Amino acid sequence: MAVGSGRGALIILEGLDRSGKTTQCKKLLESLRSHQHKVKLIKFPDRTTETGKMIDSYLKQNMKIDDRAIHLLFSANRWEKRLEMLKDLEQGITLIVDRYAFSGVAFSSAKKGLELEWCKCPDRGLPKPDLVIFLNVSSSDAASRGGYGEERYENTEFQKTVANNFKRMWDEWKVIDAGGSIDDVHQTILNYVKSTMQSVDDKPIGELWI
Ligand code: DGP
Ligand code: NA
Ligand code: NA
C-alpha cells in the first residue's frame, strides 16, 4: 500500500461497554504506526474539554442532567472536534475513533421517550466514516469482563437495549465477533482497515447521515 497518497480514512470502532473496543483501538494504532502509516487515535466522549468534563461527571453519577440535554452535550463534544478531524484527514492522517455518533444514538435512544430518529438529528452533518467496525459481544459476556457497573449505563438491562439499538443501524457495518482471541479480532479488524485505507484515495469526505 502506498504510504502518504490521498486522504486519510475515517475509521470508527463501536461496541458495547467492555467489548474490548479500547484495547483493539490501541492495537490497531500500534500496528498501523509500525508500518509507517500516519494515524491518530481519537476517543469520544473526549472527557478533557469543557463539555467533556460535564459528561464525565454525568457518567460518574456526580451530576444529574436532563436526558435530552446530555444527548446534545455528547453531540457537541463531537462537533467541537470536527474541523481538526477534517484537517487531519485531508493531510493524509487516518483517524481511528473509539465511539462516535452511533453510540450517541444507541445509548440515548435506550432511554424512555427518546426516539432513534430524534437522537440522530444533532449529529447530522458530522464527518461520515469510511468504515464502521462493530465489536459484537453478548451483554452477559460483556458483564463478565471486569469493572462493569461503575458508571452510568453499565448494567445488563440497559446494555441489552443499547445492543438492540446498535443492530437497527448496523446494516453497512463490519460486525465482528469480539468473543475471539485479542489477536484474532485484531487481525480481522486490520484487514478491513487496510482495504478501506487503500480505497479512500481522494474521495470526498461524506456527511452523516446521508
Ligand atoms: P466510554 O468512555 O467509551 O466508556 O464511554 C462512556 C459511556 O458513555 C459509555 O457507556 C457509552 C456512553 N456514550 C458514548 N457516547 C454517547 C453519546 O453520545 N450519548 C450517550 N447518551 N451516551 C454515550
Ligand atoms: Na464505559
Ligand atoms: Na427510547
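What counts and what doesn't
Residues numbered from 1 in each chain as written. Chains lettered and ligands numbered in written order. Predicted model: local features only at pLDDT ≥ 70, side-chain atom pairs only at ≥ 80, totals over all residues. Heavy atoms only, no water. Helix = DSSP H or I, 4+ residues; strand = E, 2+ residues; numbered from the N terminus. Rg over C-alpha atoms; globule rule 2.2 N^0.38 Å. Buried < 20%, exposed > 50% of the residue type's maximum accessible area, 1.4 Å probe, protein only. Contact = heavy atoms within 4.5 Å. Areas by Shrake-Rupley, 256 points an atom, 1.4 Å probe, with all protein chains shown as cover. Lys, Arg positive; Asp, Glu negative; His and termini not counted. Charge placed at Lys NZ, Arg CZ, Asp CG, Glu CD. Donors = N, O, S within 2.8 Å, 3.2 Å for Na, K, Ca; no water. Near = heavy atom within 4 Å. Polar contact = N/O pair within 3.5 Å; in protein donor to acceptor, adjacent residues only side chain to side chain. 1 Å grid on protein atoms, 1.4 Å probe; cavity = no way out; pocket = protein on both sides within 12 Å on 5 of 7 lines; lining within 4 Å. Sits in = over half its atoms within 2 Å of the grid points. Points joined across faces, edges and corners; volume = space filled by probe spheres on them. Nonpolar A, V, L, I, M, F, W, Y, C, P; charged D, E, K, R; others polar.

A. Structural view of the overall build of the chain. Secondary structure summary: the chain contains 9 helices and 5 strands in total. Secondary structure of the chain in N-to-C order comes out as β-α-β-α-α-α-β-α-α-β-α-α-β-α. For the chain, the C-alpha radius of gyration of 17 Å lies close to 17 Å, the compact-globule estimate for 210 residues. Its C-alpha atoms give the chain principal-axis dimensions of roughly 50 × 35 × 30 Å. A buried classification covers 50% of the 210 residues belonging to the chain. Look at the contacts in the chain between residues 6 or more apart in sequence, and 81% of them connect residues 24 or more apart. On the chain, roughly 10300 Å² of surface is accessible, and the fraction owed to carbon and sulfur atoms is 48%. The positive charge centre, built from 32 side chains, and the negative charge centre, built from 30, are 1 Å apart in the chain.

B. View of the coordination of the sodium ion (ligand 2). Distances from the sodium ion (ligand 2) to its protein donors, Asp-17 (OD) and Glu-154 (OE), fall within 2.8 Å. Of this pair, Asp-17 sits in the loop between strand E1 (10-15) and helix H1 (21-34) while Glu-154 sits in the loop between helix H7 (139-144) and helix H8 (156-167); the two residues are 137 residues apart in sequence, bridging distant segments of the chain.

C. Representation of the site of ligand 1 in the model. Residues in close proximity to ligand 1 total 13 residues, the closest being Lys-43, Arg-47, Arg-99, Gly-104 and Ser-108. One of the side-chain nitrogen or oxygen atoms of Ser-108 is found 2.9 Å away from a nitrogen atom of ligand 1. Between Tyr-153 and ligand 1, the recorded distance is 3.1 Å, taken from a side-chain N or O atom to a nitrogen atom. Against a free-state accessible area of 500 Å², the protein chains account for coverage of 94% of ligand 1. Judged by the fraction of its atoms near the pocket grid, ligand 1 is located in the largest pocket. Elements that contribute at least two residues to the shell around ligand 1 include exactly helix H3 (67-79) and helix H5 (101-108). No other element matches H5, which puts 4 residues into the shell around ligand 1.

D. Region of interest: the layout of surface pockets. Here the largest pocket is characterised by a volume of approximately 630 Å³. Lining the largest pocket are 31 residues, and of these Asp-17, Arg-18, Lys-21, Thr-22 and Arg-99 lie nearest its centre. Contributing elements (two or more residues each) for the lining of the largest pocket: H1, H3, H5 and helix H9 (182-200). Considered class by class, the residues forming the lining of the largest pocket number 10 nonpolar, 10 polar and 11 charged. Quantified by volume, the second largest pocket comes out at close to 410 Å³. Forming the walls of the second largest pocket are 17 residues, and the residues nearest its centre are Phe-102, Lys-128, Met-169, Glu-172 and Trp-173.

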